[in-house]
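Observations on the three-dimensional arrangement
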Amino acid sequence: MDNRPIGFFDSGLGGLTCISHLMKTLPNERIIYFGDTARTPYGSKATSTIRGFSAQIADFLVQRNVKMIVIACNTVSSTSLEDLRERYPDIPVLGIIEPAAARVAEVWQETNSVGIIGTKVTIRSKTHERLIHRLNPRIPIHGMACPVLVPLIEEGIIEHDIMDLSIRYYLDHFLSYHKIDTLVLGCTHYPLIRTNIEKLYPHLSIINPSEEIVNSIETELLERDLLAETASHDNTYYASDLSENFINMINRIFDQSEFRVAFKNFDLDNCK
Ligand code: DGL
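Rules behind the numbers
Residues numbered from 1 in each chain as written. Predicted model: local features only at pLDDT ≥ 70, side-chain atom pairs only at ≥ 80, totals over all residues. Heavy atoms only, no water. Buried < 20%, exposed > 50% of the residue type's maximum accessible area, 1.4 Å probe, protein only. Helix = DSSP H or I, 4+ residues; strand = E, 2+ residues; numbered from the N terminus. Contact = heavy atoms within 4.5 Å. Expected span 1.5 Å × (residues − 1). Bend = angle between axes of the 7 residues up to and from the residue. Phe/Tyr/Trp six-rings, centres within 6.5 Å; stacked < 30°, edge-to-face > 60°. Lys NZ or Arg CZ within 6 Å of the ring centre and 35° of its normal. Core = buried A, V, L, I, M, F, W, Y, C linked by side-chain atoms within 4.5 Å. Pairing = 2+ DSSP bridges. Axes fitted to C-alpha atoms, helices over the stretch in contact; angles between N-to-C directions. Near = heavy atom within 4 Å. Polar contact = N/O pair within 3.5 Å; in protein donor to acceptor, adjacent residues only side chain to side chain. Areas by Shrake-Rupley, 256 points an atom, 1.4 Å probe, with all protein chains shown as cover. Salt bridge = Lys/Arg side-chain N within 4 Å of Asp/Glu carboxyl O.

Things to note about helix α6 (residues 127–135)
If you check which residues of α6 are buried, you get T127, H128, E129, L131 and I132. Residues of α6 that are buried sit in contact with α3 (74–87), α4 (97–107), β5 (114–118), α5 (120–125), β6 (141–145) and β7 (182–185).

Structural data, given as structure tokens:
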């Protein structure tokens, strides 16, 4: 048993989509979340830049005595997972792509064609393909980078024609050309536009890694005897830029009546 918090981070607010699932499954766990809203999006940045940001944020979480680090970001998972595991050999570091790959391999049937949507960095890395093909090399995988979607989500432009048009710009041809029937939301921001995608393409079966990762967290905590013993709702959410959008989106993601959200401004200069 271990009542220390779990550290989560993302380039912005996308990783919060993992937390709402975690709180339902493991309500005793305490969370420290860091959203790098001042430097988002990561998805079109150089790998070396993303690795530098990630190490900085992981250090910040470790200084706050976390028992586990969850990379609630596909872009960071595809570029920095091994680095962070080497940096903190004594702390379990979980990436978000492995659980999604396991789920794809589990549900896949002969006729299915699988699409992955994500940031440029994630799609270019082909990490999903590599991890899925390690489990089953026969699964057809097609990737599509959708770089405009994250800035729109961070701006809170969701229930709007601009969002639907942007989704269609990337997906209309991609889905029909590859006959995709199974779509992996390969960016933790995308669960926030899941309803838009389902409305536009009702035939799709959607895999949401923000949900899938919760089972991996539970298994890892169990195996290492790190589950929290007593319930705590004392979560802390840090953002490098505590914008109005971030707060609005937190309200959208969480049912505020269930728990308390404490916001903290995070000064990047004090990070080291
Ligand atoms: N939420 C992040 C992910 O899962 C990416 C957003 C960004 O481009 O910063 O990849």
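Here's the deal with helix α8 (residues 161–177)
Given 3.6 residues per turn, any residue in an α-helix points the same way as the ones three and four places further on. In a regular helix each residue adds 1.5 Å, so 17 residues correspond to 24 Å; α8 covers 24 Å between its end C-alpha atoms and thus fits that length. The largest bend along α8 reaches roughly 40° and is located at L171. Along α8, the residues that are buried comprise M163, D164, S166, I167, Y170, L171, F174 and L175. The inward-facing, buried residues of α8 abut β5, β6, α7 (149–154), β7 and α9 (194–200).

Remarks on the packing of aromatic side chains
As enumerated under the stated definition, the model contains 5 aromatic pairs in all. A ring pair is formed by Y33 and Y237, whose centres lie 6.2 Å apart and whose planes are at 40°; its orientation type is tilted. Of the two residues, Y33 is situated in strand β2 (residues 31–35) and Y237 in strand β9 (residues 236–239); the sequence distance between them amounts to 204 residues. Per residue, the accessibility class of Y33 equals that of Y237, and both read buried. Aromatic ring contacts, followed pair by pair, group F34, F60 and Y238 into a single cluster. Residue placement shows R39 over the ring face of F53; its charged tip is 3.8 Å from the ring centre.

A word on the nonpolar core
Counting residues in hydrophobic clusters, the biggest one holds 66 residues, and the most contacted among them are F8, L171, Y190, I197 and I217. In this view, F8 contacts C18, I19, L22, I31, I32, Y33, F34, L61, V70, A72 and I217; residues no more than four positions away in its chain are not counted. Counting 22 residues, the second largest nonpolar core, distinct from the first, contains F9, F53, Y88 and V93.

Let's talk about the sheet that holds β6
Spatially, the 4 strands line up as an open sheet ordered β6-β5-β7-β8, and their pairing is parallel. Every interior strand has two partners, whereas the edge strands, β6 and β8 (205–207), have only one. Pairwise comparison of adjacent strand axes, ignoring direction, gives a mean angle of 25° for this sheet. Bridge analysis of β5 against β6 gives 5 bridges, and the strand direction is parallel. Directly across from I117, in β6, lies its bridge partner M144. Sheet strands in contact with α6 are β5, β6 and β7, and its direction is about 160° off that of β6.

Overview of unusual backbone geometry
Look at the link from T40 to P41: it is a cis peptide, with omega at 0°. The backbone of N65 shows a phi angle near 60°, a positive value even though the residue is not glycine. Checked against the element boundaries, N65 lands in the loop between α2 (47–63) and β3 (68–71). The backbone of D225 shows a phi angle near 55°, a positive value even though the residue is not glycine. Along the chain, D225 falls in the loop between α10 (209–223) and β9.

As for the pairing of β5
β5 sits mainly inside the fold: 5 of its 5 residues count as buried. Side chains V114, I116 and G118 of β5 all project onto a buried face; the interleaved residues G115 and I117 project onto the opposite face, where all are buried too. Alignment of β5 against β7, held across 4 bridges, turns out to be parallel. Bridging from a neighbouring strand, I117 pairs with L185 of β7.

Side note on the site of the ligand
Taken together, 14 residues are adjacent to the ligand, and S11, Y42, N74, T75 and H189 come closest. The separation between an oxygen atom of the ligand and a polar main-chain atom of Y42 is 2.6 Å. Here the ligand, which alone exposes 300 Å², has 99% of that area covered by the protein.

Re the pattern of salt bridges
Enumeration according to the criterion identifies 15 salt bridges in this entry. Note that R85 is salt-bridged to E98, the shortest N-O span being 3.7 Å. Highlighted residues: R85 in helix α3 and E98 in helix α4, separated in sequence by 13 residues. Using a relative accessible area of 28% as the deciding quantity, one classes R85 as partly exposed.

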